[in-house]
Amino acid sequence: MDRYEPHEIEAKWQRVWDDERAFHVPNPGPGEAAPENHWYQLEMLPYPSGPSLHMGHVLNYTMGDVQTHVRRRSGWNVLRPMGWDAFGLPAENAAIREGRHPRETIERNIETMRAQMKRLGWAIDWEREVAAHQPTFYRWTQWLFQQFVKNGLGYRKEGPVNWCPNDQTVIANEYIVDGRCERCGAEVELRQMTQWFFKTTAYADELLEYEGAEWPEKTMAIQRNWIGRSEGAELLFHVDELGMDIPVFTTRADTLFGATFFVVAPEHPFVAAHASAEAQDYARRAGARQTEDRAAETEKTGVFTGHYATNPVNGEQLPIWVADYVLMDYGTGAIMAVPAHDERDGQFAETFGLPVVQVIDDDGRLVNSERFDGLTIEEGARAIVAALEAEGRGKATVNYRLRDWSVSRQRYWGCPIPYIHCEQCGVVPVPEEELPVLLPDIEDYAPKGKPPLAQNEEYMNVDCPQCGGPARRDPDTMDTFVDSSWYFIRYVDPHNETAPWDRAVADYWMPVSQYIGGIDHATGHLLYSRFFVKALNDWGLLGFREPFARLFHQGWVQLGGTKMSKTKGNVAGPDEIIAAYGADAVRLYVLFMGPADQDMEWVPEGVEGIVRFLRRFWRVIHDVAERAPSPGERDGTLARKANETIAKVTDDVLRRFQFHTPIAAVMELVNELSSAPDAPDARVAAETAVSVIQPYAPHIAEELWTVLGHERLWEEPWPEADEALLVRETYELVVQVNGKVRDRLQVEASLGEDELVALARESEKVRSHLNGGEPRKTIVVPGKLVNFVV
RNA sequence: GCCGAAGUGGCGGAACUGGCAGACGCGCCGGACUCAAAAUCCGGUUCCCUUCGGGGAGUGUGGGUUCGAUCCCCACCUUCGGCACCA
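**Q** Account for the sheet that holds strand β29 (residues 730–737), naming residues and giving values.
**A** Here we have four strands laid out as an open sheet, ordered β30-β29-β32-β31, and mixed in their pairing. Every interior strand has two partners, whereas the edge strands, β30 (740–748) and β31 (777–781), have only one. Adjacent strand axes in the sheet meet at a mean angle of 15° when their direction is disregarded. One ladder, built from four bridges, connects β29 with strand β32 (residues 785–789); its direction is parallel. Across the sheet, Q736 pairs through a bridge with N787, a residue of β32. This element, helix α25 (residues 753–762), spans β29, β30, β31 and β32 of the sheet and lies at about 65° to β32.

**Q** I'd like a rundown of the domain arrangement of chain A, residues and numbers included.
**A** Segmenting chain A into domains produces domain 1 (142–198 + 405–479), domain 2 (230–399), domain 3 (604–725) and domain 4 (728–789). Here domain 2 and domain 3 have C-alpha centroids that lie 70 Å from each other.

**Q** Outline helix α5 (residues 135–150), supporting the account with residue identities and numerical values.
**A** Its 16 residues give α5 an end-to-end C-alpha distance of 22 Å, which sits within 8% of 22 Å, the value for a rise of 1.5 Å per residue. Phi turns positive one or two residues past the end of α5, at G152, with a value near 75°.

**Q** Give me the lowdown on the sheet that holds strand β17 (residues 405–406), citing residues and values where you can.
**A** Ordered by their spatial adjacency, four strands build an open sheet running β6-β5-β9-β17, and the pairing between neighbours is antiparallel. Two strands lie at the open edges of the sheet, namely β6 (169–170) and β17, each paired on one side alone. Note: strand β9 (residues 189–198) against β17, two bridges, orientation antiparallel. Within the sheet, the bridge partner assigned to F197 lies in β17 and is S406. Of the strands in this sheet, β5 (154–164) and β9 are in contact with α5, which crosses β9 at around 90°.

**Q** Outline the protein's contact with RNA strand B, listing residues and values.
**A** Every one of the 54 residues lining RNA strand B counts as a neighbour, but Y330, R344, R401, M593 and N787 are closest to it. Near-protein atoms of RNA strand B (within 4 Å) split between backbone and bases, with sugar and phosphate holding 60%. Within the contact set of RNA strand B, a phosphate oxygen lies 3.2 Å away from a side-chain nitrogen or oxygen of R742. Between RNA strand B and the protein, one listed contact pairs a phosphate oxygen with a side-chain N or O atom of K777 at 3.2 Å. Of all the elements, helix α21 (residues 660–674) adds the most residues to the surface near RNA strand B, at six residues. Of the residues that constitute the surface near RNA strand B, the class distribution is 20 nonpolar, twelve polar and 22 charged.

The rules behind the values
Residues numbered from 1 in each chain as written. Chains lettered and ligands numbered in written order. Predicted model: local features only at pLDDT ≥ 70, side-chain atom pairs only at ≥ 80, totals over all residues. Heavy atoms only, no water. Pairing = 2+ DSSP bridges. Helix = DSSP H or I, 4+ residues; strand = E, 2+ residues; numbered from the N terminus. Axes fitted to C-alpha atoms, helices over the stretch in contact; angles between N-to-C directions. Contact = heavy atoms within 4.5 Å. Domains from an automatic or database assignment. Expected span 1.5 Å × (residues − 1). Near = heavy atom within 4 Å. Polar contact = N/O pair within 3.5 Å; in protein donor to acceptor, adjacent residues only side chain to side chain. Nonpolar A, V, L, I, M, F, W, Y, C, P; charged D, E, K, R; others polar.

Written as structure tokens, this is what we have:
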């Protein structure tokens, strides 16, 4: 027997798979009958800003790989592609640090990571590889951007945006944590800018539904929180002396009679237009402060504006105050204040000595509300809104926390926005036949507070496609979430030069059958991708409305108690472990560490146990190949154990999505096999062990398969458990007295209840606990236990 | 404050539908091989008591349902995650 030399056999089989295009999956040709069992296995694509894969990637892609192998061998037509989220800020910042061009940095990182992936032996169809920064890809990103604009879902708007002073660009809401930029930690500022937006709010309600999508409850809850749907009413308050209306949003129209004052946000246009000088001064000071700082303040502050609003239900004059506890970007930026039934309004009233009127009693019924007295909260709200609606002073509405998606970025390394600004014609799309607008190679792409592209006259100056006059290109680039919102569709048809994809091909493979990735993308990538697919479906480009039929989140691989990440610098790469033990050991260990959806601690010494198992496995299989009779028998103890292992592995991987217990099951089988390598049924058990470990450790499995005299295990049908062998001839019957185990008996599987009870009563141990008495009650569960109650 | 998830040996964890708690692995202890060590192999390893037959306790805490609860119900504690002056 040769020694187990992982590097030799891994290189050998990787070469074979490569030469044979073993994992290439062709698309069904036009009019060709396509296999019905198709499976689109996808893991979130890596972001090649760092020079290496980390263990989180290894976990993620190995899980996908196990799924891929088991499905392939079970007869599914499996699509399993890979690509690169190559545009974006971290990559650009890394390039700046290194003093190189982002393209150089990124393409070098992609080379490294691709080599690592191949070294790990993942079953990827490399002929479908895509990268966001390649013109062949971003041509269609730009085309899609124009579709959004043409369909009214993309627009330009001036408004306050989140500006990171360190990264010198606008950043998205989900990248702000406690008022700071998640990436660099700088305090985010508000700036007035004209920006491109995608109208995610148009799909707010639909994004709350997950029809046909099997998603973790948790992820849907995060998205629901983020969307923040809130049913209520918009009510109009009239300012008599100015002859104008101010709308408010409220979820508590039932408390309208309890409104004793009225508050507008410092940024509310009413303040600048009509408030007293003192109030305007307050608003200026408050508006300059961060929302988070304002929230941290416990004391309520505010100033009376000098005007009054009329309560639409009873004509009462309510003083209008400006206060920073009311936020301009939620609802209408103005509220009716009901100090008796809202904690914040209550604090404000107390601070400024404003009146408090109770309008809901302890039983939850309306009081002091004239003709609405006695109604419940729900009835009251409905009745009051209905009454106001009849007068044109209110209507039921739904408000959302979700904002439209701001997609412009003032940085270099992204997809150019395919629009031209002409003084005569306005904002004009670059004609489709001129796409892509190529990202120019420029020398100086360091951030300077204005987009690097804006400084490049050669790029910026262009003829207007409409009037031919001088015009300027849009100097911004797109948020990288635009790229990742559709990359998974491009995979199905990656070389299409006339369209982003062929709809028939997309509809064949999609939606993604199983998506695996981090839950940190719940409010970013996963939400935007759903938005994209709903829009694309509405335009007739796709035949489905949810991109990811099933979703799974892997846990974090932690080192020293904190999650591995580039920013924390505690990234452990797979290279050293592969060099020391081989790819199969790494693959097995990442999955053996624990349940894949829970965080796990990377213990470098832990891989030793797996290595020991692999060496032992190697030895035992060789031993069996030499000593066990061939063809051998199929129904002994080992064969039955092997059969149970098949059932366990298959069920865990396919139904339970659990990857660590199958490894334990195979270890058990190998342990038993090692004590009887010459048994009549050892050969069938050995073949089973090798066959079912193949998705986890494909190289050693392939090699041992040849040792057992076979070939091409990666194409071998996945073994099926033999139902007949799963039924045990005898089993261990547990005998309890008062629910406590007192004895265990080997019994024939065919015995009926009466026979089991009779056998159990004969047990010495049981008799001593029965103390000669008759059981008051006897419970029999055939196949499991007998319980005597005394 | 609202919403969600999780608490099992020294450690990672298993127990899938209410039926043997601790599979598998790490670590540790003992033994074999060795001049010795590493590697490998064999055995042991929840805790307490024990006359070595066995007995008792035990899955965050306290209750409940049940012949029987890690699993179901109620209350609480702790940890983690999401949202949050959101009207």
